[in-house]
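Next come the chains, spelled out residue by residue.
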Amino acid sequence: MELTLLFVYALPVVTLLALGLLGTTRRLGFWWTLLLSIVLTPIGGFIAAQFSGPRKANRRAG
């Protein structure tokens, strides 16, 4: 019974947070990736994050 609750409640939340962390290295960022993962399902959020491309590096003058 407790294991079922883990899969129903905790696993989706952990999956969404993992995709949000993936988004921190992408142009979408954490919050947009998290929002898209909620709206489009985690698979759609993953695809959107991958297609957004890597985050551009900040170059410091000097």
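Keep in mind that this is a model prediction, so the values were computed, not measured.

Looking at the side chain of serine 37
Positionally, serine 37 belongs in helix α2 (residues 29-52). Once you skip the residues sitting within four places of it in the chain, serine 37 turns out to touch Leu16, Leu19, Pro42 and Gly45.

Here's the deal with the UniProt feature "transmembrane region" (unreviewed entry) in the chain
UniProt's entry tags residues 30-51 with the feature "transmembrane region" (unreviewed entry), counted in the numbering of this structure. For residues 30-51, helix accounts for 100% and strand for 0%, while the C-alpha atoms at its two ends are 15 Å apart.

As for a nonpolar patch on the surface
A cluster of nonpolar residues, Trp32, Leu35, Ile38, Val39 and Leu40, forms a patch on the protein surface that exposes about 530 Å² of accessible area. Looking at the element boundaries, isoleucine 38 is found in helix α2.

A closer look at the packing of helix α1 (residues 2-23) against α2
With their axes 8 Å apart at the nearest point, α1 and α2 run at an angle of 115 degrees to one another. Handedness of the crossing formed by α1 with α2: right-handed. Where α1 abuts α2, its residues Thr15, Leu16, Leu17, Leu19, Gly20, Leu21, Leu22 and Gly23 lie against Gly29, Phe30, Thr33, Leu34, Ser37, Ile38, Pro42, Phe46, Ala49 and Gln50. Class assignment for the residues of the contact of α1 with α2 results in eleven nonpolar, seven polar and no charged.

Conventions we followed
- Residues numbered from 1 in each chain as written.
- Predicted model: local features only at pLDDT ≥ 70, side-chain atom pairs only at ≥ 80, totals over all residues.
- Heavy atoms only, no water.
- Helix = DSSP H or I, 4+ residues; strand = E, 2+ residues; numbered from the N terminus.
- Contact = heavy atoms within 4.5 Å.
- UniProt positions renumbered as here; feature names shortened; annotations may be inferred.
- Patch = residues over 30% accessible without salt bridge, like charges linked within 9 Å, V, L, I, M, F, W, Y side chains within 5 Å.
- Areas by Shrake-Rupley, 256 points an atom, 1.4 Å probe, with all protein chains shown as cover.
- Salt bridge = Lys/Arg side-chain N within 4 Å of Asp/Glu carboxyl O.
- Axes fitted to C-alpha atoms, helices over the stretch in contact; angles between N-to-C directions.
- Left-handed = near helix turned anticlockwise from the far one by under 90°.
- Nonpolar A, V, L, I, M, F, W, Y, C, P; charged D, E, K, R; others polar.

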